[in-house]
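# Observations on the model geometry
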Protein chains: 2
Amino acid sequence: MKQFFYPESIAILGISPRPGNIGRNILSNLEFSGYKGDIYLVSPRGGEFHGRPIHPSVADLPLVPELAVVLTPAATVPGLVDQCGAKGIRRVIVETGGFSELGAQGAELERELAAAVKKYGLRMIGPNCIGVISTDSGVSVGFPLLNRAIPAGGLSIISQSGGIGLTYVAGAAESKVGLAKFISVGNKLDVNEADLLSYLIEDPQTRFIMMYLESVVQGRAMYDLIRSTDKPVVVHKSNIGELTHNIASSHTSALANDDAVVDAALKQAGAIRARTVFDAFQILKGLSLPKAKGRRLMIISRSGGHAVTAADAAFRWGLKLPQPPPEYIAPIQEATRASVIKLQNPLDLGDLFHMELYVEILRGALALEKVDAVVMVHGYRGPEAEPSRKLLVKVGQMCRESNKPVGLCLLVEPEEALKASQLTDLPIFPFADQAIMAISLAQWAGSVPKPQPPSCGGEMDLERCRRILAAHDQEGWLELPEALHLLLAAGLPVAAFAAALDPAEAARAAATMGWPVVLKAVGGGELLHKTEAGGVVLDLADPKAVEAAAQRMFRELGARRVVVMSQIGGGQEVILGAKQDPAFGPLLLFGLGGVAAEALRDVSLRLAPVDDREAGQMLDELRGAALLKGFRGRPAAKRPALLEAIMRVSLLVQRLPGIVELDINPLLAGPGGVMAVDARVRVAPGAFSPGH
Amino acid sequence: MKQFFYPESIAILGISPRPGNIGRNILSNLEFSGYKGDIYLVSPRGGEFHGRPIHPSVADLPLVPELAVVLTPAATVPGLVDQCGAKGIRRVIVETGGFSELGAQGAELERELAAAVKKYGLRMIGPNCIGVISTDSGVSVGFPLLNRAIPAGGLSIISQSGGIGLTYVAGAAESKVGLAKFISVGNKLDVNEADLLSYLIEDPQTRFIMMYLESVVQGRAMYDLIRSTDKPVVVHKSNIGELTHNIASSHTSALANDDAVVDAALKQAGAIRARTVFDAFQILKGLSLPKAKGRRLMIISRSGGHAVTAADAAFRWGLKLPQPPPEYIAPIQEATRASVIKLQNPLDLGDLFHMELYVEILRGALALEKVDAVVMVHGYRGPEAEPSRKLLVKVGQMCRESNKPVGLCLLVEPEEALKASQLTDLPIFPFADQAIMAISLAQWAGSVPKPQPPSCGGEMDLERCRRILAAHDQEGWLELPEALHLLLAAGLPVAAFAAALDPAEAARAAATMGWPVVLKAVGGGELLHKTEAGGVVLDLADPKAVEAAAQRMFRELGARRVVVMSQIGGGQEVILGAKQDPAFGPLLLFGLGGVAAEALRDVSLRLAPVDDREAGQMLDELRGAALLKGFRGRPAAKRPALLEAIMRVSLLVQRLPGIVELDINPLLAGPGGVMAVDARVRVAPGAFSPGH
């Protein structure tokens, strides 16, 4: 990837002196950004521009440039990329639009382009993008004209939209975090977000990563990368609703991902998810500040009302407001003669008009061991402007010196806000809510613990699992006895059961397992889970009853087998399931069972495998988690057993990705442990065929 | 109230030529705002200021001013207000702080102040506030110095914080909605938010009302007022979390209200709740636009990515994106020679550089019958600035002419944003998310239907209810038989039951009602609801069993009576309850019953009484509402019966506010109707005593 950002020479295809030619902007941007390498211009008409010769074709170039940037009509692009490949160029950025995002004709062109890329094994960013920027190398090859310098800094941006990407480039400046690298990925025909993320994680200039995505192509790779790095990664994944798919598929051929899965994966990986551009701007501001070491916040405000709203925000974000010690309060008390305010946290300085004292108040707050971060709400007008501006400069210095974040909010006229933001290296937040959100999110950034090996205890017999999985029907479903045996082979507790081929055998099996028992019909997908159809009969208390019920199942329902199962009671019903997600791979689902919880859709999702901590989170984040923890005097479920079951299922579907779908519903969770009493399992066709 | 805003003469108490005297700002503000009435200055030292005499006392004034504004040390305030009263002044604004918000000593002063107010029956705003502003009368008596004119408009602001109040005054300008009146209510010792709301609802200058509240004193009155008016009311109620109470009680002596109740009341009243200052600013912008007549939105964007995020926002806010007809698309198609974009809604104009065409595109969109609102995302730089600025002016004109809202978002440098906002009378939103939120909320503003008389069918025997309610114990609890009879008298269905004084009577009663029956011990609060203690026995199937169970209750539990109840099965358990809220009066609660739903806290709240529509909303907004509507083939509960039960309870607690607490748990809701099987009722001590 490095050659995209640090090429020694660049060829621009599609530049011409013709008025309205936007390819010229690429040259202007390179010159404006101070790119030091060689630049070659290519256009069939030849001629010259800005004192540089225009070469009629790539073949005519005097040497092989390290990077080619293409902005020519879509129809010409596949041919030109082929020429680049033939010339020996290894990196190409195609900015031209008009490919798969525009329908069938464009998709055909895109296939031709893909063929050219593949033929020469070159790497390509785009098509339908606005290129890359690298502030330290002066590479800036987008076609939108830059008319102001982009401050260099630690943020690198990967964007699936050029327009949003440029908005975030402006955000890098406004937030004071500064830009390292920017990549507009467009249709992601070759290079995608995972490739770039992988590069940026290693890039020494990049301290923070921001991704704007409308689709996720390699979700699992992205998840692994985000999880692997300590660099904070902010993800703005849009395209969440039905309405959006239309434009997004037009825009960059995005396919919508299930947002709940995206959300779970990002959270699990430790990414910071921004839901709107505005929120993302605030988060970038938070990243530009020193990282808070804990959740203890001091609020200093010139307005009591703004102090109240700040405390509300602290409450929402789970921050604590430690009370300052008397040593801190005393000097302030002394200096504020008319003591019309209480000295506490939040500190309302409404009555205080000495700006010099503000400096001491902030310095004192930052020096307190029990304070991890400060939010300061300041407002001024008229004669207070000059001393306030001096104060702002000092606030920035104190923030850096103390290495604690100061969320600065200014209540001033818009003109003054502009002026003030140029005086300080601190970002300025609109109001305390935004500052507190930003500090909270930035504090957690990248702080997800590394995954631990699931602590399941005991082994899983994967070979046995594989053999069992081979016994599925045409649609890939296991029948109930095989599904239950799969769970046993994976080390999951299952209620005592036996499969029987005739009523007498069923009765004999029941007699050995104690009473009462449940009888379940087996035979073809249709009977599965049909309690209503008589496929499941409960409360059978003697061999005769079992035989009679089995008789009916064989005769009336056409069952091929029956399962006799020990009928166990008590415990909370939970659902434990898994499926293969097209983008993110094996995905776990855990929730409360029973009809009520199902109607309430109270479930948690994680990518598999999960470790002990993550399995615990799945349990704890359920709204109805209390039901598993001894609600109203009922016995609590045995937590370690529950977590072990979650981890075992997660390992099973991760090790055997041919399991497309798995559902243990219900799993009974009681004080003694857990017990599966029903299961459905589907495998990918052919995944476990005997000859496979 | 009118004299606070339109006084013919004003006295300022606390002005002096001494440096640092902030009372002088009040005079400056009055002069700056063009107040035309007479102004009198009062200070014990006398002298003169700005060519105006300073009168040594209120008594010395040559006439009785209509309004007195007090900003003197707290200790002097009660005496001065007394002097005002003695002089015959009827309206006083006390801006001085240092009263109950500062603790015991201040609270004592506040009591003295209250006494002075009461003695003369005058009306007072404050203390601890920054006064009022009325743009059309030029009244502006706050002590913070105004240094820029406040544009007049339709927004009136009531604020419990001076600082936040001034922030919203700035918001009135930034949002282009303009200011009518501003009131800082401070400690609300006399005039409170309900008094002011009532006045502003009648005030012809006020088209929209914004309230910032840290506490709600007269919640019910506020609810009734908001509900009664068609003027949109935006409420920013802060002080929601534990952390906040500390500062708020210091700030304006606010007592926190239960936020769930506040939220329910505001929603029911049709108020628009803003949760942050930033969100409130966006909502004000939405109010400054014409009101959308429906939910059909057209998105026009220069960036495909911003179009995607706009469509996401439309999805979140429940808006529809109608597809434009071919007549609309054709001319655009023609004009965009290089058709690298799809013409649809959202409309991505990335490739279009003719600003004149943008005007036509917007005009066409606004002319479409199927479009109620437009969000336009525009960005420009360099040579496009001039044509874009012309475009902005036209966008504003078209918005007013079409009488449809245009949410304008500008992606430009901050300096240009400032300049642009001065060119147009439209508010400018940061990004599409904010524009869509604002238009959505402003569209719904004030649109809650008027409450209908609850359609209960049949009468409630309130006299009988009152007589039953007299039979409570010392803590105010009814025993079970009386509680059930109260429900019957209110017209609610109750399972067949009988109270018995000995085991034999219980057995006889049971024999008449069919089998099985439930037996419940009655006698003192402790036995209530003690299934665990043996106070409730189920599944009694013959007279002997009843007698034996009753025997145990009388002997072992010390029951004074037992209730025999027909044991009915089936139906979904729901909870229907009510309580008297200190601020909002009778409050209803409805939720799913059973341990699972209780653990999930899935309940809805409303102020009583509720009509048919509101009762339906209570049901529909439950997360588990599906369980009452025939989930997974189970029978649906009879909706009209359920709504009638909700309405009856709401009427009961509204008509008999002495009922402090009422809980029907469970109410069984089945396809045939509803049936109460247990109830708890508590009354206020003395509310229903025989002699009352």
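Procedures and definitions
- Residues numbered from 1 in each chain as written.
- Chains lettered and ligands numbered in written order.
- Predicted model: local features only at pLDDT ≥ 70, side-chain atom pairs only at ≥ 80, totals over all residues.
- Heavy atoms only, no water.
- Pairing = 2+ DSSP bridges.
- Helix = DSSP H or I, 4+ residues; strand = E, 2+ residues; numbered from the N terminus.
- Contact = heavy atoms within 4.5 Å.
- Buried area = accessible area lost by both parts, 1.4 Å probe.
- Salt bridge = Lys/Arg side-chain N within 4 Å of Asp/Glu carboxyl O.
- Polar contact = N/O pair within 3.5 Å; in protein donor to acceptor, adjacent residues only side chain to side chain.
- Phe/Tyr/Trp six-rings, centres within 6.5 Å; stacked < 30°, edge-to-face > 60°.
- Buried < 20%, exposed > 50% of the residue type's maximum accessible area, 1.4 Å probe, protein only.
- Domains from an automatic or database assignment.
- Least-squares fit on C-alpha atoms with pLDDT ≥ 70 in both.
- Axes fitted to C-alpha atoms, helices over the stretch in contact; angles between N-to-C directions.
- Parallel < 35°, antiparallel > 145°, perpendicular 65-115°, else oblique.
- Nonpolar A, V, L, I, M, F, W, Y, C, P; charged D, E, K, R; others polar.
- Right-handed = clockwise from strand over helix to strand, strands pointing away.

## Let's talk about the sheet that holds strand S7 (residues 123-125) of chain B
Residues and elements named next belong to chain B.
- If you walk across this open sheet you meet the 7 strands as S3-S4-S2-S1-S5-S6-S7, and the pairing is mixed. The open sheet has two free edges, formed respectively by strand S3 (48-49) and S7, since each of these has just one partner strand.
- Of the strand pairs in this sheet, S3 and strand S4 (residues 52-55) are connected by 2 bridges, and their pairing is antiparallel. Across the sheet, the residue bridging to Phe49 is Arg52, located in S4.

## Looking at the interface of chain B and chain A
- Contact with chain B, which involves 79 residues of that partner, is made by 79 residues of chain A.
- Of the roughly 6600 Å² buried at the junction of chain B and chain A (both faces included), carbon and sulfur atoms supply 65%.
- Linking chain B with chain A are 4 salt bridges, by the criterion used here.
- Between Glu415 of chain A and Arg148 of chain B there is a salt bridge; the shortest N-O distance is 3.3 Å.
- Counting across the interface, chain B meets chain A through 15 residue pairs in polar contact (both at pLDDT 80 or more).

## As for the packing of aromatic side chains
Residues and elements named next belong to chain A.
- Scanning all chains against the criterion turns up 7 aromatic pairs over all chains.
- Centroid distance Phe5 to Tyr199: 5.1 Å. Interplanar angle 0 degrees. Geometry classified as stacked. Separated by 194 residues along the polypeptide, Phe5 in helix H1 (residues 2-5) and Tyr199 in helix H6 (residues 193-202) bring together distant segments of the chain. Each member of the pair Phe5 and Tyr199 is classed as buried.
- With 6.0 Å between their ring centres and 45 degrees between their planes, Tyr168 and Phe281 make a pair best called tilted. Placement of Tyr168 in helix H5 (residues 162-174) and of Phe281 in helix H10 (residues 277-288) is noted, with a sequence separation of 113 residues between them.

## Quick word on the pattern of salt bridges
Residues and elements named next belong to chain A.
- Scanning all chains against the criterion turns up 69 salt bridges over all chains.
- With a shortest N-O distance of 3.1 Å, Glu644 and Arg648 are connected by a salt bridge. Taken together, the residues Glu644 and Arg648, both in helix H23 (residues 639-655) and 4 residues apart, mark about one turn of the helix.

## Side note on unusual backbone geometry
- In the segment running from Trp515 of chain A into Pro516 of chain A, the intervening peptide bond is cis, with an omega of -5 degrees.
- As for its position among the elements, Pro516 of chain A is in the loop between helix H19 (503-513) and strand S21 (517-522).
- A cis amide bond links Asn345 of chain B to the next residue, Pro346 of chain B, at an omega of 5 degrees.
- Examined against the element boundaries, Pro346 of chain B turns out to sit in the loop between helix H12 (326-335) and strand S16 (347-348).
- In this model, Lys188 of chain A sits at a positive phi of 55 degrees, which is unusual for a non-glycine residue.
- The residue Lys188 of chain A is located in the loop between strand S11 (179-184) and H6 in this model.
- A residue is classified by how much of its surface remains accessible, and Lys188 of chain A, at 8% relative accessible area, is buried.
- Backbone geometry places Asn403 of chain A, a non-glycine residue, at a positive phi of 60 degrees.
- Structurally, Asn403 of chain A can be placed in the loop between helix H14 (385-402) and strand S18 (406-411).

## Observations regarding the domain arrangement of chain A
All names here are of chain A.
- Per the domain assignment, the segments of chain A are domain 1 (2-239) and domain 2 (285-444).
- A C-alpha centroid distance of 41 Å is found between domain 1 and domain 2.
- By the criterion of area lost to domain 2, the three top residues of domain 1 are Ser175, Lys176 and Phe208, representing 66% of everything that side buries.
- Scanning the region where domain 1 abuts domain 2 turns up 1 salt bridge.
- Glu174 serves as the salt-bridge partner of Lys285, at 3.8 Å between the closest nitrogen and oxygen.

## Comments concerning the relation of the copies chain B and chain A
- Overlay of chain B on chain A (RMSD 0.1 Å): rotation 180 degrees, translation along the axis 0.0 Å. Taken together, the turn and the small shift mark the pair as related by a two-fold rotation axis.
- By residue overlap, the copies meet face to face through one surface: 100% of the interface positions of chain B are interface positions in chain A.

## Comments concerning the packing of helix H3 (residues 77-87) of chain B against helix H4 (residues 104-120) of chain B
All names here are of chain B.
- Interhelical geometry of H3 versus H4 gives an angle of 5 degrees and a closest axis separation of 8 Å. The angle between H3 and H4 falls in the class roughly parallel. Contacts from Val77, Pro78, Val81, Asp82, Gly85 and Ala86 of H3 reach H4 at Leu109, Glu112, Leu113, Ala116, Val117, Lys119 and Tyr120.
- A per-class count over the contact of H3 with H4 returns 9 nonpolar, 1 polar and 3 charged.

## Observations concerning the sheet that holds strand S21 (residues 517-522) of chain B
All names here are of chain B.
- Within the open sheet, the 4 strands sit side by side as S20-S23-S21-S22. Their pairing is antiparallel. Of all strands in the sheet, those with a lone pairing partner are strand S20 (497-500) and strand S22 (536-540), marking the two edges. Going across the sheet, the axis of each strand differs from the next one's by a mean of 20 degrees, ignoring polarity.
- Relative to strand S23 (residues 561-566), S21 runs antiparallel, the two being bridged by 6 bridges. When the bridges of S23 are listed, Ala521 appears paired with Val562.
- With respect to the sheet, helix H20 (residues 543-556) is in contact with S20, S21, S22 and S23, its orientation differing from that of S21 by roughly 15 degrees.

## Re the pairing of strand S12 (residues 208-213) of chain A
Residues and elements named next belong to chain A.
- Counting buried residues along S12, 6 of its 6 residues qualify, which places the element largely inside the surrounding structure.
- Here S12 shows no split at all, with Phe208, Met210 and Tyr212 on one side and Ile209, Met211 and Leu213 on the other all buried.
- Relative to S12, strand S10 (residues 152-159) runs parallel, the two sharing 5 bridges. Along S12, the bridge assignment pairs Leu155 with Phe208.
- Alignment of S12 against strand S13 (residues 233-237), held across 5 bridges, turns out to be parallel. Of the residues in S13, the one forming a bridge with Tyr212 is His236.
- This β-α-β element, S12 to helix H7 (residues 219-228) to S13, shows right-handed connectivity.

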